[in-house]
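Overview (structure and organization)
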Amino acid sequence: MSEVKKCPECGGEMEKGFLISPRTLWWNTQKQEVFLGGEQLLRSNWKGNNLEGYRCKKCQLIVFKYDYRPPEPLYKWPSLHRNKDKPQAQT
Ligand SMILES: [Zn+2]
């Protein structure tokens with residue numbers, strides 16, 4: 001993450017740190033009265049997610065970088081096209 005040190009609201013210095021959550025985070029451009037989901041920014045992680053960022057205590061503003069990785073499939077089905085990736089025999 002590039003060095004973001006100035007608060008975009010007050011211009012004050014921001015402290016570097018980590019937003020820590022074992023839970024997931026969602027983003028939506030629309031406010032919701034009940035949870036309807038949106039774009040998932042973070043997967044839940046029992047070890048805890050550490051999102052590097054910068055905080056301005058005065059403005060209670062945090063700028064952080066998220067790192068969404070899609071879940072690994074629980075089971076990989078065998079390919080039905082076994083020879084698909086093999087080069088075709090030259091005739
Ligand atoms: Zn500020």
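Here we summarise the structure given alongside this text. (Residues numbered from 1 in each chain as written. Predicted model: local features only at pLDDT ≥ 70, side-chain atom pairs only at ≥ 80, totals over all residues.)

**As for the environment of I62**
Convention followed: Helix and strand definitions follow DSSP, with helices as H or I runs of at least four residues and strands as E runs of at least two, each counted in order from the N terminus. Backbone-placed C-beta atoms define the burial measure: a residue is buried with 20 or more other C-beta atoms within 10 Å of its own, exposed with 12 or fewer, and partly exposed in between. We call two residues in contact when their backbone-placed C-beta atoms lie within 7 Å.
The topology assignment puts I62 in strand 5 (residues 61-64). Take I62: there are 15 C-beta atoms within 10 Å of it, and that puts it in the partly exposed class. Taking the C-alpha atoms as reference, I62 lies 9.6 Å from G17; in sequence the two are 45 residues apart. Among residues more than four places away in sequence, those in contact with I62 are L19, G53 and R55.

**Here we look at the pairing of strand 4 (residues 49-56)**
Inclusion rule: A pair of strands is treated as paired once DSSP finds two or more bridges between them.
Where strand 1 (residues 15-21) and strand 4 come together, 7 bridges link them in antiparallel fashion. In the sheet register, L19 faces strand 4, and the bridge partner there is L51. Bridging between strand 4 and strand 5 involves 4 bridges; their strand directions are antiparallel. Looking at the pairing, R55 lines up with I62 of strand 5. Hairpin connection between strand 4 and strand 5: a loop of 4 residues separates the two successive antiparallel strands, and Q60 in this loop has a positive phi of roughly 55°.

**Quick notes on unusual backbone geometry**
For residues besides glycine, phi is generally negative; the peptide bonds are generally trans as well. Positive phi outside glycine occurs at Q60, with the angle close to 55°. The topology assignment puts Q60 in the loop between strand 4 and strand 5. Judged by C-beta crowding, with 8 C-beta atoms within 10 Å, Q60 ranks as exposed.

**Looking at the sheet that holds strand 4**
So the rule is basically this: The convention used is that axes are lines fitted to C-alpha atoms, helices contributing only their stretch in contact, and that angles between N-to-C directions extend from 0 to 180 degrees.
Strand order across the open sheet formed by 3 strands is 1-4-5, with antiparallel pairing between neighbours. Two strands bound the open sheet, and with one partner strand each, they are strand 1 and strand 5. For this sheet, the mean inter-axis angle between neighbouring strands, taken without regard to orientation, is 45°.

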